[in-house]
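Observations on the three-dimensional arrangement
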Amino acid sequence: MAQESPKNSAAEIPVTSNGQLEDSHEHSFNRDLKHSLPVGLGLSETKITSHGFDSTKEGVVEAGPFPGSSASPKSSVISPSSAAASRLAGQGCDLIIPAGGRAQQKSGPVVLADEVKNPAMEKLELVRKWSLNTYKCTRQIISEKLGRGSRTVDLELEAQIDILRDNKKKYENVLRLAQTLSTQLFQMVHTQRQLGDAFADLSLKSLELHEEFGYNAETQKLLAKNGETLLGAINFFIASVNTLVNKTIEDTLLTVKQYESARIEYDAYRTDLEELNLGPRDANTLPKIEQSQQLFQVHKEKYDKMRNDVSIKLKFLEENKVKVLHNQLVLFHNAIAAYFAGNQKQLEQTLKQFHIKLKTPGADAPSWLEEQ
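Residues numbered from 1 in each chain as written. Predicted model: local features only at pLDDT ≥ 70, side-chain atom pairs only at ≥ 80, totals over all residues. Heavy atoms only, no water.

**Some thoughts on the overall build of the protein**
Counting secondary structure elements, the protein contains eight helices and five strands. What you see in the protein, going N to C, is helices and strands ordered as α-β-β-β-α-β-β-α-α-α-α-α-α. The 372 residues of the protein split such that 31% are buried. Within the protein, residue pairs in contact and separated by at least 24 positions form 68% of the contacts whose partners lie at least 6 positions apart. (Helix = DSSP H or I, 4+ residues; strand = E, 2+ residues; numbered from the N terminus. Buried < 20%, exposed > 50% of the residue type's maximum accessible area, 1.4 Å probe, protein only. Contact = heavy atoms within 4.5 Å.)

So, in structure tokens, the structure goes:
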């Protein structure tokens, strides 16, 4: 009798990615299998089990009698060789072959991807930082009001800011009085125009007082015309001062508010850093001190930047304010003087000098032909 082959002799079993036998190697597989089977066991009595990748019996060959065979049952397990295992691993599947000879599947290669950021966590982190910053600033403001905390003061810049706020209040008062004058002058011009129309009507109906009513009608109409010219000059003055006060100065004061907020944040983080430096230095406090130093440096740069911005805006505002108010004050003086002097030509010349165009009453209203 021929010598039996050992039971644990290995045969290379090529397996595709879906767990099926590879057709190109079928011939070599049958040849190796014949040499590996025990004597007396034919290929017809061999059952090949090939499962998917989820099965733990992938690539296992079991030998046993088929139904209807009279041969005694002899079990033989053929495990994949190391070459077959390496080839399977190259196809994306790692195999673990325990001592018992059964091939078990291991999880395939894992590709580490970047962690997906959670928007909810980002918002929560922003809220946390905002809450901490608000708490520090509120504590700094309360400490300053109670006289316990220190604050950073730029004496020259603070003096300029105080002067600007005081001037803004005075300019607002001048603007309010000029608007009142404009309203009253408009009412007077309207009354003079109505009075002139009434005198003109009486001049036509009263033959005995025709000339007297006519003189008064012409005088009231002339006063109304000059009043409209003066009203145009005053309204131009109001518009220019309103732009200066409510836009130019207000924009500068908005920058001042941002500068003051940056100053409070700077002092708040400076105070925290000073408190940490006064405490003990150990392994727990050193990271906190380093982090506090970084935050302090960030807010210091922000504070310096805002201080430079305020200084530049105050400088340009002063130059623009002098130029604008000089022209507007000259206009206001010349228009008032010419009106009360009865100098109509001088009044009209003043408006031409400042390129002021008067709106003719009813000029904006469409004619009855355009309405059709």
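**Brief notes about the UniProt feature "coiled-coil region" (unreviewed entry) in the protein**
Taking the numbering used here, the UniProt-annotated feature "coiled-coil region" (unreviewed entry) corresponds to residues 154–181 and 289–320. The distance separating the terminal C-alpha atoms of residues 154–181 is 41 Å; by composition the span is 96% helix and 0% strand. The span residues 289–320 is 100% helical and 0% strand by assignment, and the distance between its end C-alpha atoms comes to 46 Å. (UniProt positions renumbered as here; feature names shortened; annotations may be inferred.)

**A word on the packing of helix 5 (residues 210–278) against helix 6 (residues 285–341)**
Two quantities define a packed helix pair, namely the angle between the helix axes and the distance between the axes. For the pair helix 5 and helix 6, interaxial distance at closest approach is 8 Å and the crossing angle is 165°. Classed by the angle they form, the pair helix 5 and helix 6 counts as roughly antiparallel. Judged by the sense of rotation from one axis to the other, the crossing of helix 5 with helix 6 is left-handed. In terms of residue class, the contact of helix 5 with helix 6 is built from 31 nonpolar, 13 polar and 12 charged. (Axes fitted to C-alpha atoms, helices over the stretch in contact; angles between N-to-C directions. Parallel < 35°, antiparallel > 145°, perpendicular 65-115°, else oblique. Left-handed = near helix turned anticlockwise from the far one by under 90°. Nonpolar A, V, L, I, M, F, W, Y, C, P; charged D, E, K, R; others polar.)

**Examining the packing of aromatic side chains**
As enumerated under the stated definition, the model contains six aromatic pairs in all. Both rings, one in Phe-237 and one in Phe-332, keep their centres 4.9 Å apart while their planes meet at 40°; by these two values the pair is tilted. With Phe-237 in helix 5 and Phe-332 in helix 6, this pair connects stretches of sequence that are 95 residues apart. Owing to a relative accessible area of 26%, Phe-332 belongs among the partly exposed residues under this scheme. Arranged with centres 5.7 Å apart and planes meeting at 25°, the rings of Tyr-259 and Tyr-303 form a pair that is stacked. Taken together, the positions of Tyr-259 in helix 5 and Tyr-303 in helix 6 put the pair 44 residues apart, joining distant regions of the chain. As far as burial versus exposure is concerned, Tyr-259 and Tyr-303 are alike and both buried. (Phe/Tyr/Trp six-rings, centres within 6.5 Å; stacked < 30°, edge-to-face > 60°.)

**Some thoughts on the packing of helix 4 (residues 155–205) against helix 6**
As a packed pair, helix 4 and helix 6 sit with axes 12 Å apart at the nearest point and diverge in direction by 25°. The angle between the axes of helix 4 and helix 6 places the two elements in the roughly parallel class. Crossing angle aside, the handedness with which helix 4 passes helix 6 is left-handed. Contact residues: Leu-157, Gln-160, Ile-161, Leu-164, Asn-167, Tyr-171, Leu-181, Leu-185, Met-188 and Gln-192 in helix 4; Arg-307, Val-310, Ser-311, Leu-314, Leu-317, Lys-321, Leu-325, Phe-332 and Tyr-339 in helix 6.

**Points about the environment of Asp-201**
On the secondary structure map, Asp-201 appears in helix 4. With 13 residues separating them in the primary sequence, Asp-201 and Gly-214 have C-alpha atoms 9.0 Å apart.

**Focus on the nonpolar core**
Formed by 41 residues in total, the largest nonpolar core has its most connected members in Ile-161, Leu-185, Ile-249, Tyr-259 and Val-310. At the level of secondary structure, the elements contributing two or more residues to this core comprise helix 4, helix 5, helix 6 and helix 7 (344–353). At 17 residues, helix 5 tops the list of elements feeding residues into this core. Sequence-distant contacts of Val-310, that is, excluding residues within four places in its chain, are made with Leu-157, Ile-161, Thr-255, Val-256 and Tyr-259. (Core = buried A, V, L, I, M, F, W, Y, C linked by side-chain atoms within 4.5 Å.)

**Quick look at helix 7**
Think of an α-helix as 3.6 residues a turn; residues three or four steps apart then line up on the same face. Within the sequence span of helix 7, burial applies to Leu-347, Thr-350 and Leu-351. The buried residues of helix 7 occupy an angular sector of 95° when the element is viewed end-on, so they sit on one face. Residues Lys-345 and Lys-352 are exposed on helix 7 and point more than 90 degrees away from its buried face. (Arc of directions from axis to C-beta.)

**Section: the confidence of the model for the protein**
When pLDDT is averaged across the protein, the result is 74; 65% of the residues are at 70 or more. Highest mean pLDDT in the protein belongs to helix 4 (93); lowest belongs to strand 4 (residues 94–96) (43). Within the model, the stretch residues 1–13 combines pLDDT values under 50 with 32 contacts to residues more than four positions away or in other chains. This model gives residues 367–372 a pLDDT under 50, and the stretch forms one contact once residues within four places in sequence are excluded. (pLDDT = per-residue confidence, 0-100.)

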